[in-house]
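# Residue-level structural notes
Take a look at the letters that make up each chain.
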Amino acid sequence: MKRIYSNLLILGIALGIVSALLVLGAGQSMIQQQSVINKIKKNNISFYKVCMPSESQHSYRLTGISLSNAEEIKKLLHEKVHVSILSPAIQLHDAIIRSREEILNVDLILTDDNFDKIGIIDIRTGRFISAEDYLYKQKVCVINSNLYNYLGVGNSSININNITYEVIGVFSSPASSEGVNRMFDINYDKAVFIPATTAYTYIYNTNEESAMIYMLPVKVSGEEEANEIQDLLQSTAGQEKDLSRFKVMSGLEVGESLFLEQLKMFTVFFISSLLILIIAALNIIQISAANVIDRSRQIGLQLALGARPWDITREVTGEILICTLKGGYIGIAISGVINTQINYHLGFYLASFNIFTVIQGLALTLLTGLITALIPARNAARLNPIQALRQE
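Residues numbered from 1 in each chain as written. Predicted model: local features only at pLDDT ≥ 70, side-chain atom pairs only at ≥ 80, totals over all residues. Heavy atoms only, no water.

### Things to note about the overall build of the protein
This is how the line gets drawn: Only DSSP runs of H or I with at least four residues qualify as helices, and only runs of E with at least two residues qualify as strands; both kinds are numbered from the N terminus onward. We call two residues in contact when some of their heavy atoms are within 4.5 Å. Surface accessibility in these figures is a Shrake-Rupley result with a 1.4 Å probe; residues are shielded only by whichever protein chains are displayed.
Within the protein, the regular secondary structure consists of eleven helices and 15 strands. For the protein, long-range pairs separated by at least 24 residues make up 78% of all intrachain contacts whose partners lie at least 6 apart in sequence. By element, 57% of the accessible surface of the protein is carried by carbon and sulfur atoms, the whole surface being about 20000 Å².

### Points about the pattern of salt bridges
What counts here: In the sections that follow, a salt bridge refers to a side-chain nitrogen of Lys or Arg positioned within 4 Å of a carboxyl oxygen of Asp or Glu. Burial here depends on accessible area, computed with a 1.4 Å probe over protein chains only, as a share of the maximum for the residue type. Under 20% is buried, over 50% is exposed, and the range in between is partly exposed.
Overall, the coordinates contain four salt bridges when judged by the stated rule. A salt bridge links Lys74 to Glu71, with the shortest nitrogen-to-oxygen separation between them at 3.8 Å. You can see Lys74 and its partner Glu71 sitting in helix 2 (residues 67-77), three residues apart, about one turn around the helix. Judged by its relative accessible area of 10%, Lys74 is buried.

### A few points about the packing of aromatic side chains
Keep this limit in mind: Geometry of aromatic contacts follows a simple scheme: Phe, Tyr and Trp rings, the Trp one being its six-membered ring, pair when their centres are within 6.5 Å, and the pair is stacked under 30 degrees between planes, edge-to-face over 60, tilted otherwise.
Per the counting criterion, the structure on display carries three aromatic pairs. Residues Phe115 and Phe193 carry aromatic rings whose centres are separated by 5.3 Å and whose planes lie at 35 degrees to one another, so their mutual orientation is tilted. Highlighted residues: Phe115 in the loop between strand 7 (102-111) and strand 8 (122-126) and Phe193 in strand 12 (residues 191-195), separated in sequence by 78 residues. Looking at Phe115, the relative accessible area reads 0%, which means it is buried. The interplanar angle of 65 degrees and the centroid separation of 5.7 Å between the aromatic rings of Phe128 and Phe193 together place this pair among those described as edge-to-face. Of this pair, Phe128 sits in the loop between strand 8 and helix 3 (131-135) while Phe193 is found in strand 12, placing the two residues 65 residues apart along the sequence.

### Quick look at the environment of Val248
Along the polypeptide, Val248 turns up in strand 15 (residues 247-250). The class of Val248 is buried, set by a relative accessible area of 14%. In the structure, Val248 is positioned 197 residues away from Cys51 in sequence and 6.6 Å away in space, judged by C-alpha atoms.

### Focus on the confidence of the model for the protein
Where we set the bar: Note: pLDDT gives the predictor's confidence per residue, expressed from 0 to 100.
Taken residue by residue, the protein gives an average pLDDT of 77. The fraction at 70 or more is 78%. The weakest mean pLDDT in the protein belongs to strand 2 (residues 62-63) at 54; the strongest belongs to helix 3 at 94. Long-range and interchain partners of residues 56-62, a stretch whose pLDDT sits below 50, account for 20 contacts in this model, where long-range means more than four residues apart.

### Thoughts on the nonpolar core
We count it as follows: For the purposes of this section, nonpolar cores are sets of buried Ala, Val, Leu, Ile, Met, Phe, Trp, Tyr and Cys residues that join through side-chain atoms within 4.5 Å.
Counting residues in each nonpolar core, the largest one holds 43 residues, and the members touching the most others are Val50, Val192 and Ile194. Each residue touching Ile194, except ones within four places of it in the same chain, is listed here: Leu108, Ile109, Leu110, Thr111, Ile129, Val140, Cys141, Ile160, Tyr165, Ala199 and Ile203.

### Some points on a nonpolar patch on the surface
Put simply, the test is: Each patch groups residues whose relative accessible area exceeds 30% and which form no salt bridge, using 9 Å between like charges and 5 Å between nonpolar side chains of Val, Leu, Ile, Met, Phe, Trp and Tyr.
Together, Phe270, Ile271, Leu274, Leu275, Ile278 and Leu282 make up an exposed nonpolar region whose accessible area comes to about 550 Å². One can find Phe270 in helix 7 (residues 251-294). Judged by relative accessible area, which is 42%, Phe270 ranks as partly exposed.

### Overview of the packing of helix 2 against helix 6 (residues 223-234)
Packed helices, taken two at a time, are described by the angle their axes make and the gap between the axes. Counted only if it meets this: With axes taken as lines fitted to C-alpha atoms, and helix axes fitted only over the stretch in contact, angles between N-to-C directions fall between 0 and 180 degrees. A crossing counts as left-handed when the near helix is turned anticlockwise from the far one by less than a right angle, and as right-handed when that turn is clockwise. Charged residues are taken to be Asp, Glu, Lys and Arg, nonpolar residues to be Ala, Val, Leu, Ile, Met, Phe, Trp, Tyr, Cys and Pro, and polar residues to be all remaining types, Gly included.
At their nearest, the axes of helix 2 and helix 6 sit 11 Å apart, and the two run at 120 degrees to each other. Classified by chirality, the crossing of helix 6 by helix 2 is right-handed. Contact with helix 2, carried on its side by Ile73, Leu76 and Leu77, involves Ile229, Leu232 and Leu233 of helix 6 and no other residues of that element. Residue composition of the contact of helix 2 with helix 6, grouped by class: six nonpolar, no polar and no charged.

### So, unusual backbone geometry
At Lys137, a residue that is not glycine, the phi angle is positive and equals roughly 55 degrees. The exposure class assigned to Lys137 is partly exposed, which follows from its relative accessible area of 28%.

### Quick word on the pairing of strand 14 (residues 216-219)
Our working rule: Paired strands, in this sense, are two strands between which DSSP finds at least two bridges.
In the sheet, strand 1 (residues 48-53) pairs with strand 14 via three bridges, with the strands oriented antiparallel. By the bridge assignment for strand 14, Val50 is matched with Leu216. Pairing of strand 4 (residues 82-83) with strand 14, which is carried by two bridges, proceeds in the antiparallel orientation. Bridging across to strand 14, His82 finds its partner in Lys219.

### Re the environment of Met212
Examined against the element boundaries, Met212 turns out to sit in strand 13 (residues 212-213). With 125 residues separating them along the chain, Met212 and Ser87 place their C-alpha atoms 8.5 Å apart.

Here you go:
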């Protein structure tokens, strides 16, 4: 096969595989998200959050809450329910921690002294962040037990983004079988909790007036008590500290709404990816057909010298498969880079990329190569050697 034909074929396959794997990765993430929702429903787990919904009435995506407003909400609700501050570190969701010779990526979670009272995590050793730690911006942290054991039980401090934090407590992750292990959009297996005030002072280098958090988890007994909290927030309308615009939402309500939005996006991506893959397949057929035409005299000579049609079919199919596999490898690598960058900048896993994604990519590459090789290989095997040798 001529170099120009093979390069075009590789490029077409690579583009098709990239688009297909992005969709498959997004599909995997949606399946995982729906699995969590189903587990939460099955176990009758009810968690609520106070948050600022977006201005769009058809969207449940959330916007930030200023730290000052969060403190006002805590003051308003503290006699009625346990309420906490919670926010994945913006633009630093993958924080780098160093301990001895280990360098790991973790999810840095900004919180206060009340989150352990919500009932999601259990402190195994030590303690959780205290009111004094939060108030005086202490450089302390609470880490996952698996991470603690991996780094070494004797470690009393870790280095997070070049700042040393004392490990004051170790918590165990919620059981994944109950669906709580991703509650409040946190991967507790990778979580490291630090005081929000400390993060804004030493990581973001900003004052508390301009600090923003994501949500306030609340511990309520059910929907009735959640409605009472909403009424309490609404009662502040028109006051100097107006908190009526904040909403109390269940984790399921937000999760299911986001799932539906992602499903719409997934459908659009799937159709676009399918079209790209079809175009790539048609291009492969055309390129391979053009290659067969250019090599008709050579193929005719092979047939005249005793080559069987099956030999020609196998040769042409093999050339196409080699090119499609090269394109598939390139497409898988590019897809991995794109998925990683998308997830990194969004701060959550929009599209998964794992061993199953790689296997799917290779299977799709082979399937596309085999299907698109059928027509060119059949045409090559059916060439009349006399007519082929007469062609100029």
